[in-house]
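# A look at the structure
Residues per chain, in single letters:
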Amino acid sequence: MQKTNLKVSILQFPGTNCEYDTQYAFERLGASTEIIWHKSESIPEGTNLLVVAGGFSYGDYLRSGAIAKFSPIMKAVKEYAAKGGKVLGICNGFQVLTESGLLPGALKRNDGLHFISKHHTLKVQNNDNIFLKKLSKGDIVNIPIAHHDGNYFIDEDGLKDLKQNNQILLTYVDNNGNVKNPNGSVESIAGVCNKEKNVFGLMPHPERAMEIVLGSDDGIKMLEGFLES
Amino acid sequence: MIKAIVNISLKAGVLDSQGKAVHHALDSLHFNTVTDVRVGKQVVLKLDTEDKEQAMKDVTKMCEEILANTVIEDYEIELV
């Protein structure tokens, strides 16, 4: 792949386990990457995209993402996001971002109470954002999910806002694009962004869908969006 | 020394799937009088103070900031 000058910084908490997959994914797309330990208090100079990687930060104690939000690095993350910096939270990263108030809603225990780990098809709901701009509305992508607390909840007013501002990024569907909800999420929501469209969060793992031999390379089209910033 | 007992549960209107599963299990054990089950968690804190008013303020702040996620959860505090 072509080299880009995109610099991606990837957060690592105790219990994070997707930081190296995320690093592989972005380096495959030509970006330079750096893994940032949560004790750090600043985001590296020149970071174009900050990724809160998946895993089980602090063993998911209390609630998924609840303790990570008080790690030293999170103050810098909030400042970075407030200045318009781009932030992507994947899986546990999404949970950390909702717990921190950087994204609306919360992630509850899956309705079926099982940990779900499988490929799932997702439908692009909105693409007027940097993350999904390479895809079209209605496109279907095949991306793995692996979570216990992926049941997205938001109250009615919040949901109305999400819809009004095109903040719903992706929903869980079947191969034909009809709603298929694996975990009980409100409106089958798999990912959202903030109103300003610079903070993104999703439960599925695009960084695990980078090689056709591993089941899908649809993650490329998603993460590529960040390359042309 | 004050002991604070914090009970955290999902808000009314937020589906409690664990409660539902437990209810189902109770049903299959023929505990037919059960009409609703809510599963929550309890956090017990020991506070090095005798000031109940201040303790209540502190624990409320703890609940708002970390112990509960007020988007989906309610909390009740009992000081003993």
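Residues numbered from 1 in each chain as written. Chains lettered and ligands numbered in written order. Predicted model: local features only at pLDDT ≥ 70, side-chain atom pairs only at ≥ 80, totals over all residues.

### Observations regarding the overall build of chain B
Convention followed: Secondary structure elements follow DSSP: runs of H or I of four or more residues count as helices, runs of E of two or more count as strands, with numbering from the N terminus. Counts of 20 or more other C-beta atoms within 10 Å of a residue's own C-beta define buried residues, counts of 12 or fewer define exposed ones, and intermediate counts define partly exposed ones; C-beta atoms are placed from the backbone. Any two residues are considered in contact once their C-beta atoms, placed from the backbone, lie within 7 Å.
Looking only at helices and strands, chain B features 2 helices and 3 strands. Scanning chain B from its N terminus toward the C terminus, one meets helices and strands in the order β-α-β-α-β. For chain B, the C-alpha atoms occupy an extent of roughly 45 × 25 × 15 Å along the three principal directions. Each of the 80 residues in chain B was classed as buried or not, and the buried ones make up 14%. Within chain B, contacts between residues at least 6 apart in sequence are counted, and of these 68% link residues at least 24 apart.

### Let's talk about the overall build of chain A
Note the cut-off: Radius of gyration means the value over C-alpha atoms here, while the globule rule gives 2.2 Å times the residue count to the 0.38 power.
The secondary structure content of chain A amounts to 5 helices and 11 strands. In terms of overall size, chain A behaves like a compact globule, its C-alpha atoms giving a radius of gyration of 16 Å where 229 residues would be expected to give roughly 17 Å. Each principal axis of the C-alpha distribution contributes one length, and for chain A these read about 45 × 40 × 35 Å. Looking at chain A as a whole, 53% of its 229 residues are labelled buried. Contacts in chain A between residues far apart in sequence, at least 24 positions, make up 75% of those at least 6 positions apart.

### A word on the nonpolar core
This is how it is decided: By convention in this section, buried Ala, Val, Leu, Ile, Met, Phe, Trp, Tyr and Cys residues joined through C-beta atoms within 7 Å make up a nonpolar core.
One finds Val51(A), Val87(A) and Leu169(A) to be the most contacted residues of the largest nonpolar core, which totals 68 residues. Excluding residues that lie within four positions of it along the chain, Leu169(A) makes contacts with Gln125(A), Asn126(A), Phe131(A), Leu132(A), Gly191(A), Val192(A), Cys193(A), Phe200(A) and Leu202(A). Ranked by size, the runner-up nonpolar core spans 7 residues in total, among them Ala4(B), Val6(B), Val59(B) and Ala68(B).

### Focus on the environment of Asn126(A)
Inspection of the secondary structure puts Asn126(A) in the loop between β6 (116–124) and β7 (140–147). Taking the C-alpha atoms as reference points, Asn126(A) and Ile143(A), 17 residues apart in sequence, are found 17 Å from one another.

### Some words on helix α1 (residues 19–28) of chain A
Every α-helix winds through 3.6 residues per turn, so residues three or four apart in the chain are directed the same way. Residues and elements named next belong to chain A. Those residues of α1 that fall on the buried side of the exposure criterion are Glu19, Asp21, Thr22, Gln23, Ala25 and Phe26. Here the buried face of α1 lies against β1 (7–12), β2 (32–37), β3 (49–52) and α5 (218–223). Immediately beyond the C-terminal end of α1, within one or two residues, lies Gly30, with a positive phi of roughly 95°.

### Focus on the pairing of strand β1 (residues 2–10) of chain B
Residues and elements named next belong to chain B. The cut-off we apply is this: One bridge is not enough; two strands pair if DSSP finds at least two bridges between them.
In terms of strand pairing, β1 meets strand β2 (residues 41–47) through 7 bridges, oriented antiparallel. Across the sheet, Lys3 pairs through a bridge with Lys46, a residue of β2. Note: β1 against strand β3 (residues 73–79), 7 bridges, orientation antiparallel. Its bridge partner lying in β3, Ile5 is registered against Glu78.

### Describing the sheet that holds β2(B)
Residues and elements named next belong to chain B. Rule in force here: Think of each axis as a best-fit line through the C-alpha atoms, taken over the contacting stretch in the case of a helix, with angles from 0 to 180 degrees between the N-to-C directions.
The 3 strands lie next to each other as β2-β1-β3, forming an open sheet whose pairing is antiparallel. Strands with a single pairing partner mark the edges of an open sheet, and in this sheet they are β2 and β3. With strand direction ignored, the average angle separating the axes of adjacent strands in the sheet is 20°. Lying on the sheet, helix α2 (residues 52–67) is in contact with β1, β2 and β3; it crosses β3 at an angle near 155°.

### With respect to the environment of Gly15(A)
Residue and element names in this part refer to chain A. Within the secondary structure, Gly15 sits in the loop between β1 and α1. In this structure, the C-alpha to C-alpha distance between Gly15 and Phe56, residues 41 residues apart in sequence, is 4.8 Å. Apart from residues no more than four positions distant in its own chain, Gly15 is found in contact with Gly55, Phe56, Ser57, Tyr58 and Gly59.

### Quick look at the environment of Leu49(A)
All names here are of chain A. Residue placement: Leu49 occurs in strand β3. Taking the number of C-beta atoms within 10 Å as the measure of exposure, Leu49 has 23 and is therefore buried. In this structure, Leu49 is in contact with Leu6, Val8, Lys86, Leu88 and Phe226, ignoring residues within four places of it in sequence.

### Things to note about the interface of chain A and chain B
Applied cut-off: Under the scheme applied, nonpolar residues are Ala, Val, Leu, Ile, Met, Phe, Trp, Tyr, Cys and Pro; charged residues are Asp, Glu, Lys and Arg; polar residues are all the others, including Gly.
Contact with chain A, which involves 12 residues of that partner, is made by 9 residues of chain B. Among the residues making up the side of chain A that touches chain B, the classes are represented as 5 nonpolar, 2 polar and 5 charged.

### Focus: α2(B)
Residues and elements named next belong to chain B. Heads up, the condition is: A helix is expected to span 1.5 Å multiplied by its residue count minus one. For this quantity, the arc is that covered by the directions from the helix axis to the C-beta atoms.
Its 16 residues give α2 an end-to-end C-alpha distance of only 19 Å, which falls more than 12% under 22 Å, the value for a rise of 1.5 Å per residue. All of the buried residues in α2 are Val59, Cys63 and Leu67. Along α2, the residues classed as buried sweep out an arc of 50° about the axis, all on the same side. α2 presents Glu53, Gln54, Lys57, Lys61, Glu64 and Glu65 as exposed residues on the side facing more than 90 degrees away from its buried surface. Against the buried residues of α2 lie β1, β2 and β3.

### Some words on the sheet that holds β3(A)
All names here are of chain A. A sheet is described by the order of its strands in space; here 9 strands give the open sequence β2-β1-β3-β4-β11-β10-β9-β6-β7, paired in mixed fashion. The sheet is open, and its two borders are formed by β2 and β7, each paired with just one other strand. Here the average twist between neighbouring strands, direction ignored, is 25°. Pairing geometry for β3 and strand β4 (residues 86–90), over 4 bridges, is parallel. Paired with Leu50 across the bridge in β4 is Val87. Packed onto the sheet, helix α2 (residues 73–82) meets β1, β2, β3, β4 and β11 (199–202) and runs at close to 125° relative to β4.

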